[in-house]
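What follows is each chain in one-letter form.
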Amino acid sequence: MTIFEKMADAVIRGNEEECRELAKAALKENIEPVKAIQEGFAKGMETVGINFECGKFYLPEMMLAAKAMNAGVEVFEPVIASKGSQGAQKRATVVLATIQGDMHDIGKNIVKLLMSTSGFEVIDLGKDVKVTRIIEEAQEKRADIIGVSALMTTTMAYMPELIEELSATDMRQRLKVMVGGAPVTEEWAKEIGSDGYAKDAVGAIRVARELLGR
Ligand code: HCB
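Analysis parameters
- Residues numbered from 1 in each chain as written.
- Predicted model: local features only at pLDDT ≥ 70, side-chain atom pairs only at ≥ 80, totals over all residues.
- Heavy atoms only, no water.
- Patch = residues over 30% accessible without salt bridge, like charges linked within 9 Å, V, L, I, M, F, W, Y side chains within 5 Å.
- Areas by Shrake-Rupley, 256 points an atom, 1.4 Å probe, with all protein chains shown as cover.
- Salt bridge = Lys/Arg side-chain N within 4 Å of Asp/Glu carboxyl O.
- Helix = DSSP H or I, 4+ residues; strand = E, 2+ residues; numbered from the N terminus.
- Near = heavy atom within 4 Å.
- Polar contact = N/O pair within 3.5 Å; in protein donor to acceptor, adjacent residues only side chain to side chain.
- 1 Å grid on protein atoms, 1.4 Å probe; cavity = no way out; pocket = protein on both sides within 12 Å on 5 of 7 lines; lining within 4 Å.
- Sits in = over half its atoms within 2 Å of the grid points.
- Nonpolar A, V, L, I, M, F, W, Y, C, P; charged D, E, K, R; others polar.
- Donors = N, O, S within 2.8 Å, 3.2 Å for Na, K, Ca; no water.
- Buried < 20%, exposed > 50% of the residue type's maximum accessible area, 1.4 Å probe, protein only.
- Right-handed = clockwise from strand over helix to strand, strands pointing away.
- Pairing = 2+ DSSP bridges.
- Core = buried A, V, L, I, M, F, W, Y, C linked by side-chain atoms within 4.5 Å.
- Contact = heavy atoms within 4.5 Å.

Caption draft 1: Spatial organisation of a nonpolar patch on the surface. Taken together, the side chains of Phe 52, Leu 59 and Met 63 define a hydrophobic patch exposed on the protein surface, amounting to about 300 Å² of accessible area. Residue placement: Leu 59 occurs in helix H4 (residues 59–83).

See below:
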C-alpha cells in the first residue's frame, strides 16, 4: 500500500491515532501536505460516503471517519500555515460558511486553512449558517468574496436563495460569490448565477484570485 492508500484506509476505519501517525510520516517523507490531504484522507472520505450510501456504513462509522480525518489534518495545519504567504498587497476579505441546514464542515475548514495561509483575510461563520446572516456579515465586514459550502442536495438549494437575496442588495455589484462542496458542479454554479465554483481547496484559491483579477 502507498502512504496515500494507508491514509485513506485509516480514515475508512476511523482510526484517529493512525491518521495522526500517517500525517507525521508523510511530513517526514516531505510529501506536500495539501497533496496528502487530497490524495490520502479525502479519498478515504469518498469511500466512506459510498459505503454510507449503499448501507454498508451507518452514522457512527461516518462520525468516526470525520474525527479521524480531522485528527490527521490537524497535524498538517501548522506546516501549511508556516509555508503560507501573507502577500504585500491589501488582503482580500472572504466570508466562508457552510450553508444553512448543513453540518458538514471538514471541506470548508480545509478551504479556510488554505485561503488564510494564501494571503486572504478569512471570516469563518461556521456551519449551518442562515442565508440572511451570511449576507449581513458580508456587508458588515465589507467582504470581497462569499465562499459557501454545501454537502447535501437538500441544502444546495439555499445557494440560489443566497444569490437572489444578494442580488436584491447594492452589494452584488462588487461582491463575488464562490460555491463548492461534493454535490456542487460547475454547470450548476453557472446556472444559479454564482461567479465561481471550485472543486477543491487549491481550486478555491485559484478561483478567488481570478475573481479578484489578481
Ligand atoms: Co454526511 N452525508 N450526513 N456526515 N457525509 C454525506 C454528505 C452524503 C453524500 C453521504 C451519502 O449518502 N453518500 C449524504 C448526503 C446525501 C444528500 O445529498 N442528500 C450525507 C448525509 C445523508 C448525512 C446525514 C443526513 C446523515 C444522518 O444524520 N442520517 C447527516 C447530515 C446532518 C446535517 O448536515 N444536517 C450527516 C452527518 C455527517 C457527519 C456529522 C457524520 C460527518 C460530517 C462531519 C463534519 O463535517 N464535521 C459526515 C461526513 C463526513 C460525510 C461524508 C462521508 C464526507 C464529507 C467530507 O467531509 N468530505 C459525505 C460523503 C461525500 O461527500 N461523498 C457524507 C471530505 C471533504 C474534504 O470534501 O467535498 O466537503 P468536501 O470539500 C472539498 C471540496 O468540495 C471543496 O474544497 C474542499 C477541500 O478540498 N469545497 C469548496 C468545499 N466547500 C467549498 C466551498 C467553496 O466556496 C469552494 C470549494
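Caption draft 2: How the structure looks around the site of the ligand. The immediate surroundings of the ligand are formed by 35 residues, with Met 103, His 104, Asp 105, Ser 149 and Thr 153 found nearest. Note that a nitrogen atom of the ligand is positioned 2.9 Å from one of the backbone N or O atoms of Gly 49. Here Asp 105 contributes a side-chain N or O atom positioned 2.7 Å from a nitrogen atom of the ligand. Mapping the ligand onto the cavity grids shows that it belongs to the largest pocket. Of all the elements in the fold, those that place two or more residues in the shell around the ligand are helix H3 (33–53), H4, helix H5 (106–116), strand S3 (145–149) and strand S4 (176–180). At 6 residues, the largest contribution of residues to the shell around the ligand is made by H3. Of the residues belonging to the shell around the ligand, the class tally is 20 nonpolar, 10 polar and 5 charged.

Caption draft 3: Looking closely at the coordination of the cobalt atom of the ligand. For the cobalt atom of the ligand, the protein contributes exactly one donor atom, His 104 (NE2), at 2.2 Å. Take His 104: it is sitting in the loop between strand S1 (93–98) and H5.

Caption draft 4: Main features of the pairing of S1. With 6 of its 6 residues buried, S1 lies for the most part within the structure. Here S1 shows no split at all, with Thr 93, Val 95 and Ala 97 on one side and Val 94, Leu 96 and Thr 98 on the other all buried. Crossover handedness for the path S1 to H5 to strand S2 (residues 121–124): right-handed. Pairing between S1 and S3: 5 bridges, direction parallel. Paired with Leu 96 across the strands is Gly 147, a residue of S3.

Caption draft 5: Expanded view of the nonpolar core. Ranked by internal contacts, the top residues of the largest apolar core, which has 43 residues, are Met 7, Phe 41, Met 69, Phe 76, Met 115 and Phe 120. Every element with two or more residues in this core is listed here: helix H1 (3–12), helix H2 (16–28), H3, H4, S1, H5 and helix H10 (201–211). Ranked by residues supplied to this core, first place goes to H4 with 7 residues. Residues contacting Met 7, with those up to four places away along its chain left out, are Leu 22, Ala 23, Ala 36, Gly 40, Phe 41 and Phe 76. Core analysis: the next-biggest nonpolar cluster, separate from the first, contains 28 residues, Ala 97, Val 131, Ala 150 and Ile 163 among them.

Caption draft 6: Region of interest: the pattern of salt bridges. Tallied over the entire structure, the rule returns 16 salt bridges. Notably, a salt bridge pairs Lys 24 with Glu 21, separated by 3.7 Å at the nearest N-O pair. With Lys 24 and Glu 21 both in helix H2 and 3 residues apart, the pair spans about one turn of that helix. Each of Glu 16, Glu 17, Arg 20 and Lys 67 takes part in a single network of salt bridges with overlapping partners.

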